[in-house]
Amino acid sequence: MTPPRARTWGRRGHTPVIRVRGRSRRRTSVAALCCYKPGEASRLIYRPHGLLLLKGARKSFSWKDYRDLLVRAHIQLGGPIVVVWDNLNTHLTAGLKRYEAEHDWLTTIRLPSYAPDLNPVEGIWSLLRRAMANTAFDTPDDLDRILRRELRRTQLRPHLIDGCLTATGLPLTQPNPP
């Protein structure tokens with residue numbers, strides 16, 4: 001995936017060139033939930049995960065990591081939650097489905113096969129990439145620090161999280177009581 005580009009303060013016609021080492025044994029993954037409740041400020045709950053790539057090690061979040069994120073969201077939100085999943089293969093694992101079935105505070109809904117335009121978290125990733133455009137990181141720790149800072153900035157601005165839901169075109173409605 002090519003990094004996003006932004007304007008530079010360099011002189012016109014003189015593109016700044018920064019040499020970077022092309023490989024690293026670290027990978028940073030982030031899982032996030034956009035949380036909406038009518039009448040309350042929107043929330044962003046996220047979990048960054050810095051991984052050291054070792055031979056045979058998992059390169060992304062496991063279903064247990066997503067389970068832990070859901071538990072954290074349940075504790076922070078203080079009530080039952082409805083999760084709208086995309087069809088990431090980790091979201092479809094037997095372990096996560098079993099966990100969903102065992103807990104009555106958790107309701108899951110699946111998005112259609114390929115529908116990034118219906119997922120508000122995709123808007124969060126767009127905001128994050130835009131904020132970090134044209135940035136060269138000295139170390140993986142710099143990347144982690146700036147990533148956490150930008151996620152925190154987004155978290156403190158509920159109107160940005162609301163905008164991500166508005167961009168999907170999905171309405172936020174109260175369920176009708178039975």
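A few points on the structure. (Residues numbered from 1 in each chain as written. Predicted model: local features only at pLDDT ≥ 70, side-chain atom pairs only at ≥ 80, totals over all residues. Heavy atoms only, no water.)

## Quick look at the state of the cysteines
What we call a disulfide is simply a covalent bond connecting the sulfur atoms of a pair of cysteines.
Phase 1: Enumeration according to the criterion identifies zero disulfides in this entry.
Phase 2: Here Cys-34 stays unpaired: no disulfide links it, and the sulfur of Cys-164, its closest cysteine neighbor, is 5.7 Å away.
Phase 3: Judged by its relative accessible area of 16%, Cys-34 falls in the buried class.
Phase 4: Since its relative accessible area comes to 6%, Cys-164 is described here as buried. (Disulfide = S-S within 2.5 Å. Buried < 20%, exposed > 50% of the residue type's maximum accessible area, 1.4 Å probe, protein only.)

## Details of the packing of aromatic side chains
Phase 1: Under the criterion given, the structure shown has three aromatic pairs.
Phase 2: Taken together, a centroid distance of 5.5 Å and an interplanar angle of 45° make the contact between Phe-61 and Tyr-66 tilted.
Phase 3: A residue is classified by how much of its surface remains accessible, and Tyr-66, at 11% relative accessible area, is buried.
Phase 4: Feature note: the residues Phe-61, Tyr-66 and Trp-85 constitute an aromatic cluster, connected by ring pairs. (Phe/Tyr/Trp six-rings, centres within 6.5 Å; stacked < 30°, edge-to-face > 60°.)

## Describing the pattern of salt bridges
Phase 1: Within this structure, the stated rule accounts for six salt bridges.
Phase 2: Between Glu-40 and Lys-37 there is a salt bridge; the shortest N-O distance is 3.8 Å.
Phase 3: For Arg-153, the salt bridge identified is with Glu-150, shortest N-O distance 3.4 Å. One end of the pair, Arg-153, and the other, Glu-150, are both in helix H4 (residues 140-155), three residues apart, so they sit about a helical turn from each other.
Phase 4: The class for Arg-153 is partly exposed, based on a relative accessible area of 41%.
Phase 5: Connected through salt bridges with shared partners, the residues Arg-149, Glu-150 and Arg-153 form a single ionic network. (Salt bridge = Lys/Arg side-chain N within 4 Å of Asp/Glu carboxyl O. Helix = DSSP H or I, 4+ residues; strand = E, 2+ residues; numbered from the N terminus.)

## Quick notes on helix H2 (residues 94-102)
Phase 1: When H2 is considered as a whole, its buried residues turn out to be Gly-95, Leu-96, Tyr-99 and Glu-100. When H2 is viewed along its axis, its buried side chains cluster within an angular range of 140° and face the same direction. Exposed side of H2, more than 90 degrees from the buried face: Ala-94, Ala-101 and Glu-102 are the residues found there.
Phase 2: Close packing links the buried residues of H2 with helix H1 (63-77), strand S3 (81-85) and strand S4 (106-110). (Arc of directions from axis to C-beta. Contact = heavy atoms within 4.5 Å.)

## Considering the pairing of S3
Phase 1: Of the two faces of S3, the one lined by Ile-81, Val-83 and Trp-85 is fully buried and the one lined by Val-82 and Val-84 carries no buried residue.
Phase 2: As judged from the five bridges shared by S3 and S4, these two strands associate in the parallel manner. Bridge assignment links Val-84 to a residue of S4, and that residue is Ile-109.
Phase 3: Of the crossover connections in this fold, the one passing from S3 over H2 to the parallel S4 is right-handed. (Pairing = 2+ DSSP bridges. Right-handed = clockwise from strand over helix to strand, strands pointing away.)

## Some remarks on a nonpolar patch on the surface
Phase 1: The grouping of Val-82, Val-84 and Ile-109 at the surface amounts to a nonpolar patch, some 250 Å² of accessible area in total.
Phase 2: Considering the arrangement of structural elements, one finds Val-84 in strand S3.
Phase 3: Classification of Val-84 as partly exposed rests on a relative accessible area of 44%. (Patch = residues over 30% accessible without salt bridge, like charges linked within 9 Å, V, L, I, M, F, W, Y side chains within 5 Å. Areas by Shrake-Rupley, 256 points an atom, 1.4 Å probe, with all protein chains shown as cover.)

## Points about the packing of helix H3 (residues 120-131) against helix H5 (residues 158-168)
Phase 1: Look at H3 against H5: their axes get within 8 Å of each other, and the N-to-C directions meet at 125°. Between H3 and H5, the angle is such that the two are oblique. Crossing geometry of H3 relative to H5 is assigned as right-handed. For the pair formed by H3 and H5, the contact residues are Pro-120, Gly-123, Ile-124 and Leu-127 on the first element and Leu-160, Ile-161, Cys-164, Leu-165 and Thr-168 on the second.
Phase 2: Across the contact of H3 with H5, the residue classes break down as seven nonpolar, two polar and no charged. (Axes fitted to C-alpha atoms, helices over the stretch in contact; angles between N-to-C directions. Parallel < 35°, antiparallel > 145°, perpendicular 65-115°, else oblique. Left-handed = near helix turned anticlockwise from the far one by under 90°. Nonpolar A, V, L, I, M, F, W, Y, C, P; charged D, E, K, R; others polar.)

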